[in-house]
Amino acid sequence: MPNSNLIEKTEKLVIIGSGPAGWTAAIYAARANLAPLVLAGDGLTRDRMPGGQLMFTTEVENFPGFEHGIDGQKMMAVMQQQAERFGTRVSNHFVTRVDFSVRPFKIWHINELSGDDEQLTEAHAVIISTGASANYLGLESERKFENNGVSACAVCDGALPRFRNAPLVVVGGGDSACEEATYLTKFASKVHLVHRRDELRASKIMAERTLKNPKLVPVWNSTVDEVLGTDADGVTGVRIKNLKTNQTHTIEARGMFAAIGHTPNTKFLNGQVQLNEKGYIVLPDGFRSMTSVEGVFAAGDVADSVYRQAITAAGMGCKAAIDAERHLAENGVH
Ligand code: NAP
């Protein structure tokens, strides 16, 4: 039975989540002598992985400061070490629920992978940086070729050598799919945009621009039935199913990009922080990082459905730490 009532002490600042937003917040907070506790995730499932989405990307080539790029996992490890050097404490625990109606705030967390009991931590301030998880089609073959031709981020992976001058497939019909497909036409020989209906969901201007691109081939009323390939070569094609005729055919492709939306990791908040209609945390001030609950801040993809980059998440993490530090000082917590 979980021992939920064991409170060791009240933390000044707890940071939930350990992607670039969380680690940057930790670096700033630790250097401000707040000795933050990062609840990094327990790794039980993909969306509970310490390090977040970057743990599933290969080379990060667009984060300034790394002239020759850096491996996503390495980047997260280095950010963690930098945060720890200044006194950040890290627990590989996943947050199951919170109570933000009381002061100090209450946070319950667990490591189900190692079998740790649920614990309760109290905190005077909280930064939420739990990110968002890219939606995938859910095919077994898709999972098999992840990082070997299957990706959910064209900006992260599109420029990799395996995708250059090769035919590619993008799945989806929203703004992301259009953006990703257009971006990929810079590298690919051809981009097949596979959409389950005969009309794009994307904004009109984006849809028109995308469909005018000479390298883009729309594949309407269709879904991906199976990702094809070998262990040695990765993705070599996708089997497409036409939803109107039920007929299948194969498209040759070196890569498949899923662009069917993201799901922000906000379930554990159970409605205690204002979310928008898509489940992202709302920052009422827009510019600052305070959420609808005073003393609770948010940073990174969990509060950003638009930019979703490591560098923008890191910038938001910096803002959240500075805002949290000011909030704590104003409330006499040093
Ligand atoms: P989205 O608008 O929710 O579109 C998701 C697309 O994926 C839809 O076309 C949907 O098909 C399709 N889809 C969903 N589940 C699927 C499945 N299981 N199999 C096949 N297809 C599936 O998501 P988004 O494109 O990521 O955009 C999210 C938000 O960010 C939107 O508000 C968007 O406007 C915004 N955004 C803006 C920009 C920009 O302005 N530059 C860029 C990117 C995103 P249906 O159409 O049939 O539902």
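Since we're looking at a predicted model, the values are computed, not measured.

Trainee: Explain the packing of aromatic side chains to me, please; I cannot follow it from the model alone.
Mentor: Between two aromatic rings, the relevant description is the distance of the centres plus the angle of the planes. Scanning the entire structure with this criterion turns up 4 aromatic pairs. Centre to centre, the rings of Phe 100 and Phe 105 are 5.2 Å apart; their planes meet at 75°, and the pair counts as edge-to-face. Summarising the aromatic geometry, the rings of Tyr 183 and Phe 187 are spaced 5.4 Å apart at their centres and angled 65° between planes, so their arrangement reads as edge-to-face. Under the relative-accessibility criterion, Tyr 183 is labelled partly exposed at 23%.

Trainee: Is there a simple way to explain the side chain of Asn 221 in this structure?
Mentor: With respect to the element layout, Asn 221 can be found in the loop between β13 (216–219) and β14 (222–230). When near neighbours in sequence (up to four residues on either side) are disregarded, Asn 221 contacts His 195, Arg 196, Arg 197, Asp 198, Lys 241, Asn 242, Leu 243 and Lys 244.

Trainee: How should the pairing of strand β15 (residues 234–242) be read in this particular structure?
Mentor: Looking along a regular strand, one sees side chains alternate from face to face of the sheet. Bridging between β14 and β15 involves 8 bridges; their strand directions are antiparallel. Paired with Glu 226 across the strands is Arg 239, a residue of β15. Following β14, the chain reverses through 3 residues before pairing antiparallel with β15.

Trainee: What exactly am I supposed to notice about the domain arrangement of the protein here?
Mentor: Domain assignment breaks the protein into domain 1 (8–133 + 262–330) and domain 2 (136–258). Using only C-alpha atoms to locate each centre, domain 1 and domain 2 end up separated by 31 Å. Contacts between the two partners involve 9 residues from domain 1, matched on the other side by 10 residues from domain 2. At the junction of domain 1 with domain 2, the criterion picks out 1 residue pair in polar contact (both at pLDDT 80 or more). Taken together, the residues that form the side of domain 1 that touches domain 2 break down as 1 nonpolar, 4 polar and 4 charged.

Trainee: Mind showing me how you'd approach the pattern of salt bridges here?
Mentor: Opposite charge on two side chains makes pairing possible when the charged atoms of those side chains draw close. Summed over all chains, the structure comprises 10 salt bridges. Between Arg 89 and Glu 11 there is a salt bridge, and its shortest N-O distance comes to 2.5 Å. Here the residue Arg 89 occupies a position in strand β5 (residues 89–91), and Glu 11 occupies one in strand β1 (residues 7–16), the gap between them amounting to 78 residues. Taking the relative accessible area as the measure of exposure, Arg 89 reaches 30% and is therefore partly exposed. The exposure class of Glu 11 is buried, given its relative accessible area of 6%.

Trainee: I tried to follow the site of the ligand on my own but got confused; where do I start?
Mentor: Contacts to the ligand come from 17 residues, most closely from Asp 175, Ser 176, Glu 179, Arg 197 and Arg 201. For the ligand, a nitrogen atom lies 2.9 Å from a polar atom in the side chain of Glu 179. Here Arg 196 contributes a side-chain N or O atom positioned 2.9 Å from an oxygen atom of the ligand. Placement of the ligand is best described as lying within the second largest pocket. Split into classes, the residues belonging to the shell around the ligand amount to 4 nonpolar, 7 polar and 6 charged.

Trainee: What's the story with unusual backbone geometry in this structure? I'm lost.
Mentor: Apart from glycine, the bulk of residues carry a negative phi angle, and the bulk of peptide bonds sit in the trans form. The peptide bond linking Arg 103 to Pro 104 adopts the cis configuration, its omega dihedral lying at -10°. In this structure, Pro 104 sits in the loop between β6 (94–99) and β7 (105–110). With phi around 65°, Asn 246 is a residue other than glycine that occupies positive phi space. Along the chain, the position of Asn 246 falls in the loop between β15 and β16 (248–252). Even without glycine at this site, Arg 308 takes up a positive phi of about 55°.

Trainee: Looking at this structure, I do not really get the layout of surface pockets. What am I missing?
Mentor: Space left empty within the atom packing is revealed by a probe, the size of a water molecule, rolled over the atoms. Put simply, the second largest pocket is a space of about 820 Å³. Forming the walls of the second largest pocket are 29 residues, and the residues nearest its centre are Gly 174, Ser 176, Arg 201, Ile 260 and Gly 261. Taken together, the elements giving at least two residues each to the lining of the second largest pocket come down to α5 (175–184) and β14. Here the lining of the second largest pocket gathers at least three residues from each of two domains, domain 1 (8–133 + 262–330) and domain 2 (136–258).

About the criteria used
Residues numbered from 1 in each chain as written. Predicted model: local features only at pLDDT ≥ 70, side-chain atom pairs only at ≥ 80, totals over all residues. Heavy atoms only, no water. Phe/Tyr/Trp six-rings, centres within 6.5 Å; stacked < 30°, edge-to-face > 60°. Buried < 20%, exposed > 50% of the residue type's maximum accessible area, 1.4 Å probe, protein only. Helix = DSSP H or I, 4+ residues; strand = E, 2+ residues; numbered from the N terminus. Contact = heavy atoms within 4.5 Å. Pairing = 2+ DSSP bridges. Domains from an automatic or database assignment. Polar contact = N/O pair within 3.5 Å; in protein donor to acceptor, adjacent residues only side chain to side chain. Nonpolar A, V, L, I, M, F, W, Y, C, P; charged D, E, K, R; others polar. Salt bridge = Lys/Arg side-chain N within 4 Å of Asp/Glu carboxyl O. Near = heavy atom within 4 Å. 1 Å grid on protein atoms, 1.4 Å probe; cavity = no way out; pocket = protein on both sides within 12 Å on 5 of 7 lines; lining within 4 Å. Sits in = over half its atoms within 2 Å of the grid points. Points joined across faces, edges and corners; volume = space filled by probe spheres on them.

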